[in-house]
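# Close look at the chain arrangement
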Amino acid sequence: MKPSAFRYALPSTLRDAIDIRARFEDSVILAGGQSLIPTMNFRLANPEVVIDLRKLDELNYVRVADGVVRIGAMARQRVVEQNDEVAAANPLIRETLLNVAHPVIRNRGTVGGSLAHADPSAELPTLLTTMRGAITVCGPSGRRTIAAEDFFEFIFTTAMEPDELLVEAAIPALEPGEGWAFAEFARRHGDYSVAGVAVTLKLGADRRIDRVRLGACGIATTPALLTECERFLTGKSPSPELFAEAGTLARDAVTVSDDSATSKVYRQHVLAGLVARNLTTAMTRTDGA
Amino acid sequence: MSTRQFGARVQRNEDDRLIRGKGRYVDDIPLEGALHGVFARSNVAHAKITRLDVSRAAALPGVLKVYTHEDLGSLDMKMPLLIPHPCITHGRTQYPLARDEVFYVGQAIAFVVAVDRYVAEDAALLIDVEYETLPVEIDLRRAAEPGAPLVHADVPGNIAANLVQESGDVASAFAKADHITSITVHCERSTAAPMECLATAARWDEVSGELTVWDGTQAPIGLRGALASLFDLDEHAVRVIAPDVGGGFGPKIHFPYANEVLVPLAAREFGRPVKWIEDRSENFVHMTHERLQIHDIELAATRDGIVLGLRDRFLHDTGAFIPYGIAVAQVASCQIAGPYRIPNILVEFSCVYTPTVPVTPYRGCGRPQANFAIERAMDQLADELGLDRFEIRRRNFIQPEEFPYTRPNLIFADGLPVTHDSGEYEQALRALMDALDVDAFKADQQAALEQGRYLGLGLSFYVEGTGLGPYEGGHVRVHPITGKVFVNTGLTTQGQGHATVFAQIVSDQLGVAVEDVIVVEGDTGVYDWGVGTFASRAAVVSGSAVHKAAVLARKQLIDAAANMLEANPDDIELSDGRAFVAGSGVDGVTLAEIATASNPLRYAFNKAAERATQFAPAARSDGPPLAEGAHPGIEATDYYAPPHATWAYGVHGAIVEVDPMTYGIKIHRYVCVHDCGNMINPMIVEGQIAGGVAQGMGGAFYEKLEYDEDGALRNASFMDFLIPYATEIPHVEMIHQETPSPLNPLGIKGVGEAGTIPVAQVIASAIEDALRPLEIAPIRKVPLSPSLLHSYVTEAGLRK
Amino acid sequence: MTETTEFEPNALVRINVEVNGRAVSEEVSTRLLLSDFLRHQLRLTGTHVGCEHGVCGACTVHIDGTPARSCLTLAVQVDGCSIRTVEGLANADGSLHPVQQAFKECHALQCGFCTPGFMMAVAGLLDERDDLRTAEDDSIREDIAGNVCRCTGYMNIVSAVRRAAELTNEKG
Ligand SMILES: Cc1cc2nc3c(=O)[nH]c(=O)nc-3n(C[C@H](O)[C@H](O)[C@H](O)COP(=O)(O)OP(=O)(O)OC[C@H]3O[C@@H](n4cnc5c(N)ncnc54)[C@H](O)[C@@H]3O)c2cc1C
Ligand code: FES
Ligand code: FES
């Protein structure tokens, strides 16, 4: 299990990286390598060119300002997870990251890499989608920002053009008093999950649900937004029964079919449970709860 | 007198090296200028090879040669069927490289030799193969049915072997019974997945003509014999070394694998060292598998739950070949009655070919399956008769006064009828009940249920025939320079701590520190009588042999010391690396001095040698320096051949909780009561059990090799074949019981596989107990995924 | 700012790395994995390879002070970095690192194949958490999940983590 030979490029600026990307048909980006190198070791990927972004300090940052957490593509997952400013602005980010693989993998894995990889079972794409975050990409014709909901198109497929690079992820901060929760169920700790659910929940002055965001991983060909559940919940008074009903409603969002280890109905069952449980957790974290 | 080391929690001699990164596994052996081999393997299950063209691969710069079967000369032959048995009517083994037909995904087709592994892998991908695929049947049950596609065109019904054994009179037992219960159980195919995959390196010495092979094997002496025979060499011209081996668990006892033939061949041809290091993805499709069996078992019992008779018919999946004979199936068949008296047993099995990786023993070797069958059946019998699960077991145990307890005509792998040597089964069961506080648990279970929580208690008894012969040897020698003691056996070690436990045994006899006993194994150049490390036999068989050799060496030391100190041998004591007259308060002589003095040819090149001359001679002889029959130095070899297997046993129990939201299982407690006779080192015993339980957990919950209907292995990676991490394994509470085996001088029984055997049943019975209120169908299959459990519950809901 | 560079397939690239405190300057092929570089080029064979796809953790080393999988890293990626392997755990005088001492005392290894990677992961953990001495089993287990051991059943490794924390503490 050794990678096949490739042309190795080590750009020192984003500009150069984009130039190289534009010059070759078959290039891959080496960010943390935690998804890319396994596939190369298996020779499932045999790219002509590997573009190593490790010198691009301009993509390695985490900033919190104006109610938005901005994460450079090359920021390591572990660094973001341990950043207290980020956790203060949006604690859902840390809670989600703790479910991504294992600490040693997160030490190397980058936020940009996980988003670009676009695994529908992965946690970060779901976080971005649930939070209605935005992803900025940059190509020969400049930068553009894509809503997370539009960014993930299919399994391992994004709205990025082949000559573009992912440069930044932007995630809104939570509002004061907004509750949050991320939890998933995996057969083995640290694995991609059977299903995972991200929630934020805000109550209005009338104690009714003012705003709720709900998204899930592992259940469809892209990170899934549970918009029907969101609609259903908005304006209602939170109660265990309501959350259970939301869970039941979420079942329809599962579109992946049975695989050898996991049946669709089982995935639906887990999803329903997680939705209800995470709503409850988020509820206890709202102010005044 | 120094304290007895046998039975002490001695820290391991082998650790210092390993924790410093100084282990020497095959791929760590420095071999200057080594070439690297890579196999090209079949990616179809069953096919005729219509074209095989290696020219593009061979032309790649850096490639020295690409071997196909045509390049093998006299080695292009069927590999041996290692353990023949008269019931194997259609034994088939494979060629090192496929000829014109492949029989499973992963079968070796060609062997690339190149300057490094990277280039060799590049070349392997350039090999052009075309196939004409043949129909396959992967499902074990269907493969054994008439009309199924054949794995070997000349093996009707895919049946390699069929064996019926009857102990007692089963027909009358069933006729007499008040109640008959019958079930079918199913254990899935799995793989041992040692952390170090297979590995072979070889070098032909131009000067001596000797072939040296470093191999991650559990049986270097056997492999040495096989290589000598294949390459037509004298045995002493072949040296096989199993250096540090990163876990074995069974499949490394099998030989010769294709690599063990091709690597030496290429090394000879190129006059350079060659190595082949299996990678994880090929380990899944190359190293042998085990576990898939389907048992149809019936018990005939009285109203009171006394089991009078047992009938078991099972299918054993042997994969595409049967190189290791019927070992796995035979071992399974011999433990089918567990710890129970059951006087009438009929057990029949068929070994069935399927187009998959061949099957040889993996830790447990058929016992986990047999145990699952009998223990599931006992649970069901209890249920049907309205008896408690503990009580029904108690009523059927072989009682202490009934040992040795023989099951006539049920022939074990050593060719002898099953004979349980000793045990206190009921006491073990009682210890488990006390530890789990079964009555208190019932109340907890009820209370939890009222809050919508599902708690369950599961248990499994097990027995394990261990310490099989035929024999092992032990060699002990006191080093004249340092006074350290060298010990050799014909075994290998893959982590079992031989360098410590054998040292403890020797330490007690010779009065030297455990650290000063150096155990060297796994090298035919050092010691080459013996069989190998498997079947929980090392401590029992080699331990006994080492003990016997140490007793002889002790006598030599005492006699020599008595001569040197001009004392009576009866007064000599050995302690702290010296021999002295008991109670004399005098220093006496060191072991180095005795060893030096015992060798008539000596030079005073150190203090010990100088000092040795100050004493009287070590041997009293008026004749030549070595008397007739005497030998120089302090050195002894002895052998041990057990009369038959010793039977270890135990009972595991667990309290689990099923989360109805995820069907994830939380194991609140896991208790293991076990008896492996006298323990040489309880710390190491506990390590073996904890590791075994973890592997058992893998089998109970996760580990299933998923072949699709075309015979491709879908989960051939650690990403998809789930091995438990620390988070998936519970803390294991252990209760030791020590009933000495009467069969060997140390009273020990084996423990290597014990942990693994009962786990699947413990989990199945616990989950069944937890979900009883939901009226799920009984659990008959492992592994148990949450998705599967969910389907059981859903089906139960639909039935209601 | 360094220049952008590009290398042909199979080109040899010079890298400068500090390995266990020693400066190393070597030419490596661009596709060479860090694990192979350490094992076969530098002959630091203590770092083991159990899967080469990131799951088992046997190959764990420290890159600039943090544990990482050497099988999922190219040697060229660590140019300019400092690497610590199991061979660099013990002190210069040969005395054992607390993790090594604890693994031995607690019988946390059997075949020893997973051990170097495990110890490197635990050494990293000790740098990060100061509550390990009293931590619950479950929380330790979560922190060491990510390394596979097929022999020990992990129980003694959990004890060794606690013991290593104790030893670290004793040393101050
Ligand atoms: C054992 C194991 C378990 C794991 N478990 C999980 C898990 O539970 N959940 C989870 O989410 N992940 C998991 N991962 C994956 C891990 O989180 C990866 O770190 C992540 O998916 C990819 O990040 P990376 O920085 O390593 O990207 P890389 O592996 O370097 O790249 C991944 C892909 O993204 C592309 N890419 C990377 N950066 C950019 C960019 N800036 N612009 C354009 N394209 C880019 C690459 O070309 C490549 O195709 C696991 C990995 C391992 C080895
Ligand atoms: S070898 Fe690197 S994680 Fe297994
Ligand atoms: S000690 Fe063997 S794999 Fe851990």
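Before going into details, it helps to say that this report is about the structure given with it. Keep in mind the model is a prediction, meaning the values are calculated, not measured.

Quick look at the site of ligand 1 now. The environment of ligand 1 is made up of 31 residues, and the closest members are Gly 33, Gln 34, Leu 36, Thr 110 and Glu 123 of chain A. Nearby residues around ligand 1 are contributed by chains A and C. One of the side-chain nitrogen or oxygen atoms of Glu 123 of chain A is found 2.6 Å away from a nitrogen atom of ligand 1. Here an oxygen atom of ligand 1 and a backbone polar atom of Gly 190 of chain A are 3.2 Å apart. In isolation ligand 1 has 960 Å² of accessible area, and contact with the protein removes 94% of it.

In this assembly, 32 residues from chain B lie in contact with 24 residues from chain A. Interface of chain B and chain A: buried area, both sides summed, is about 2,400 Å²; carbon and sulfur atoms make up 59% of it. Linking chain B with chain A are three salt bridges, by the criterion used here. Where Asp 659 of chain B meets Arg 277 of chain A, a salt bridge forms, and the shortest distance between an N and an O atom there is 3.2 Å. Taken together, the links from chain B to chain A amount to 16 residue pairs in polar contact (both at pLDDT 80 or more). Those elements that place two or more of their residues in the side of chain B that touches chain A are helix H3 (117-124), helix H8 (280-286), helix H18 (682-702) and helix H20 (786-799) of chain B. Looking at which element gives the most residues to the side of chain B that touches chain A, the answer is H3 of chain B, with four residues. The residue makeup of the side of chain B that touches chain A, split by class, is 15 nonpolar, eight polar and nine charged.

Residues and elements named next belong to chain B. Of the strand pairs in this sheet, strand S16 (residues 405-411) and strand S17 (residues 417-420) are connected by four bridges, and their pairing is antiparallel. Considered in S17, the bridge of Tyr 405 is made with His 420. Between S16 and S17, which pair antiparallel one after the other, the connecting turn spans five residues, and Gly 415 there sits at a positive phi close to 80°.

Right, let's get into the nonpolar core. With 258 residues, the main nonpolar core has Leu 233 of chain A, Ile 767 of chain B together with Phe 103 of chain C as its most contacted residues. Beyond its immediate stretch of four places on either side in the chain, Leu 233 of chain A contacts Ile 209, Val 212, Leu 214, Leu 242, Phe 243, Ala 246 and Leu 279 of chain A. Listed in part, the 51 residues of the second largest apolar core include Ala 118, Ala 148, Ile 171 and Phe 182 of chain A.

On to the packing of H18 of chain B against helix H19 (residues 759-770) of chain B, then. Residue and element names in this part refer to chain B. Look at H18 against H19: their axes get within 8 Å of each other, and the N-to-C directions meet at 55°. What the angle tells us is that H18 and H19 run oblique. For H18 against H19, the interelement crossing comes out right-handed. Contact residues: H18 offers Val 693, Gly 696, Met 697, Ala 700 and Phe 701, while H19 offers Val 759, Ala 760, Ile 763 and Ile 767. Considering only residue class, the contact of H18 with H19 consists of eight nonpolar, one polar and no charged.

Attention now goes to the pairing of strand S25 (residues 635-640) of chain B. Residue and element names in this part refer to chain B. Across the two faces of S25 the burial differs, with Ala 636, Asp 638 and Tyr 640 buried and Glu 635, Thr 637 and Tyr 639 not buried at all. Two elements, strand S19 (residues 472-478) and S25, share six bridges in a ladder whose sense is antiparallel. The residue bridging Glu 472 from the neighbouring strand is Tyr 640, located in S25.

The omega angle of the peptide bond from Phe 255 of chain B to Pro 256 of chain B is -15°, so this bond is cis rather than trans. Within the secondary structure, Pro 256 of chain B is located in the loop between strand S11 (238-241) and helix H7 (258-270). The linkage connecting Val 782 of chain B with the following residue, Pro 783 of chain B, adopts the cis geometry, with an omega of 0°. Topologically, Pro 783 of chain B is positioned in the loop between strand S29 (781-782) and H20. Phi is positive for Asn 158 of chain B, close to 60°, though the residue is something other than glycine. Summarising the element assignment, Asn 158 of chain B is placed in the loop between helix H4 (140-143) and strand S7 (159-167). Here Asn 158 of chain B falls in the buried class, since its relative accessible area comes to 0%. Of note, Arg 43 of chain C is a non-glycine position whose phi angle comes to about 60°, a positive value.

Reading the values: rules and limits
Residues numbered from 1 in each chain as written. Chains lettered and ligands numbered in written order. Predicted model: local features only at pLDDT ≥ 70, side-chain atom pairs only at ≥ 80, totals over all residues. Heavy atoms only, no water. Near = heavy atom within 4 Å. Polar contact = N/O pair within 3.5 Å; in protein donor to acceptor, adjacent residues only side chain to side chain. Areas by Shrake-Rupley, 256 points an atom, 1.4 Å probe, with all protein chains shown as cover. Contact = heavy atoms within 4.5 Å. Buried area = accessible area lost by both parts, 1.4 Å probe. Salt bridge = Lys/Arg side-chain N within 4 Å of Asp/Glu carboxyl O. Helix = DSSP H or I, 4+ residues; strand = E, 2+ residues; numbered from the N terminus. Nonpolar A, V, L, I, M, F, W, Y, C, P; charged D, E, K, R; others polar. Pairing = 2+ DSSP bridges. Core = buried A, V, L, I, M, F, W, Y, C linked by side-chain atoms within 4.5 Å. Buried < 20%, exposed > 50% of the residue type's maximum accessible area, 1.4 Å probe, protein only. Axes fitted to C-alpha atoms, helices over the stretch in contact; angles between N-to-C directions. Parallel < 35°, antiparallel > 145°, perpendicular 65-115°, else oblique. Left-handed = near helix turned anticlockwise from the far one by under 90°.

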